[in-house]
Amino acid sequence: MTTEIIATEAGDARITWHPADRARLVLAVSHGAGGGIEARDLRALAAALPAHGVSVALVEQPWRVAGKKVAPAPKTLDIGWRGVWPALVKAGPPVISGGRSAGARVACRTAVELGARAVLALSFPLHPPGRPEKSRAAELLGAGPTLVVQGGNDPFGRPEEFPDGDYRLVEVPHGDHGFAVPKRADITQEQAVALVTDAVVEWAGSLG
């Protein structure tokens, strides 16, 4: 594991690399607006994917590196992501652009212009909680080859709320926006996280 600081127009970002021995892909994933790269799903992907030939780059947006508590506007998040992209592609293999929540929106919005191989959207915030009329589906539908992993009880958009489109959606039963599952659920927390990693491993394998 190595880290590097990348200067962007939005400030300094940080990449934590979890490299594969013979990487055929790089999965770059960023965090949401309310947390960092310590999220359970991001940690699990960083631990699991290198054994399958996928290097994982956990990207911290400049506002997190600077120690701020509140994420900036989406436009500024996009600027930060664009700024780290050259460091992600210089490794050589094709790059999957990914993120959780707000980070998933960034990945979707910028994937085509940056030439991402595909997009991984973890807990895509389809709409603000309780505001289904404020749909962000257009961001998702314009991103190219995409895997969405969504909690069954995500208040930002349950799987059945997602529109038809050219993407794959995997549901984490009972999962909330952070893929946490209640103790009464018929799936354990460990099984929920394994469902996320297994889905990403299988999908990444299909990308060649």
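Up top is the structure.
None of the values given here were measured: they were computed from a predicted structure.

Q: Got a minute to help me understand the packing of helix 1 (residues 40–48) against helix 6 (residues 189–206) in this structure?
A: Any two packed helices are characterised by the angle at which their axes cross and by the distance between the axes. Contact pair helix 1 / helix 6: the axes reach a minimum separation of 10 Å and the direction vectors enclose 55°. The angle between helix 1 and helix 6 places the two elements in the oblique class. Crossing hand, helix 1 versus helix 6: right-handed. Between helix 1 and helix 6, the contacting residues are Arg40, Asp41, Ala44, Leu45 and Ala48 on the first element and Gln189, Val193, Val196, Thr197 and Val200 on the second. The residue inventory of the contact of helix 1 with helix 6, partitioned by class, reads six nonpolar, two polar and two charged.

Q: Where do I start with helix 6 in this structure?
A: Residues spaced three or four apart along an α-helix face the same direction, because each turn holds 3.6 residues. Here helix 6 contains 18 residues, and its C-alpha end-to-end distance of 26 Å stays within 8% of the 26 Å for a straight helix at 1.5 Å per residue. All of the buried residues along helix 6 are Ala192, Val193, Val196, Thr197, Ala199, Val200, Val201, Trp203 and Ala204.

Q: Got a minute to help me understand the environment of proline 129 in this structure?
A: For proline 129, the location among the structural elements is in the loop between strand 6 (118–122) and helix 5 (137–141). On the accessibility criterion, proline 129 (43% relative accessible area) is partly exposed. The spacing of proline 129 and glycine 157 is 28 residues in sequence and 7.6 Å in space, taken between C-alpha atoms.

Q: Looking at this structure, I do not really get the environment of valine 172. What am I missing?
A: As for its position among the elements, valine 172 is in strand 8 (residues 168–172). Excluding residues that lie within four positions of it along the chain, valine 172 makes contacts with Val149, Gln150, Gly151, Gly152, Phe179, Ala192, Leu195 and Val196.

Q: Quick question: what am I supposed to make of the environment of glycine 130 here?
A: For glycine 130, the location among the structural elements is in the loop between strand 6 and helix 5. Counting along the chain gives 25 residues from glycine 130 to proline 155, while the straight-line C-alpha distance between them is 7.3 Å.

Q: For this particular structure, what's the right way to read the pattern of salt bridges?
A: If the charged atoms of two oppositely charged side chains come close together, the side chains can form a pair. Summed over all chains, the structure comprises nine salt bridges. Between arginine 82 and glutamate 113 there is a salt bridge; the shortest N-O distance is 2.8 Å. With arginine 82 in helix 3 (residues 74–89) and glutamate 113 in helix 4 (residues 102–114), the pair connects residues that are 31 residues apart, well separated along the chain. Owing to a relative accessible area of 48%, glutamate 113 belongs among the partly exposed residues under this scheme. Its salt-bridge partner being glutamate 139, residue arginine 105 comes within 2.8 Å of it at the nearest N-O pair. Remark: glutamate 139 occurs in helix 5 and arginine 105 occurs in helix 4; sequence separation between them is 34 residues. A single burial state applies to arginine 105 and to glutamate 139, both of which are buried. One network of salt bridges, with partners in common, ties together Asp78, Arg105, Arg109 and Glu139.

Conventions we followed
- For every chain, the first residue of the written sequence is number 1, and numbering continues from 1 along that sequence.
- Residue-level local features of this predicted model are given only where pLDDT is at least 70; pairs of side-chain atoms are given and counted only at 80 or more, and the full residue set underlies all totals for whole chains, interfaces and linings.
- Excluded from the side-chain calculations are hydrogens and water; all other atoms, namely the structure's heavy atoms, are used.
- Here the axes come from fitting lines to C-alpha atoms, over the contacting stretch only for helices, and the angles between their N-to-C directions go from 0 to 180 degrees.
- Helix numbering and strand numbering both begin at the N terminus, where a helix is a DSSP run of H or I of at least 4 residues and a strand a DSSP run of E of at least 2.
- Angles are sorted into four bins: roughly parallel if under 35 degrees, roughly antiparallel if over 145, roughly perpendicular if 65 to 115, and oblique for all others.
- Note: crossing handedness is left-handed where the near helix turns anticlockwise from the far helix by less than a right angle, and right-handed where it turns clockwise.
- We call two residues contacting when some pair of their heavy atoms lies within 4.5 Å.
- Charged means Asp, Glu, Lys or Arg here, nonpolar means Ala, Val, Leu, Ile, Met, Phe, Trp, Tyr, Cys or Pro, and polar covers whatever is left, Gly included.
- In this analysis, the expected span of each helix is defined as 1.5 Å times one less than the number of residues it contains.
- Note on classification: 1.4 Å probe, protein chains only; a residue is buried when its accessible area is under 20% of the maximum for its type, exposed when over 50%, partly exposed between these limits.
- The term salt bridge refers to a side-chain nitrogen of Lys or Arg lying within 4 Å of a carboxyl oxygen of Asp or Glu.

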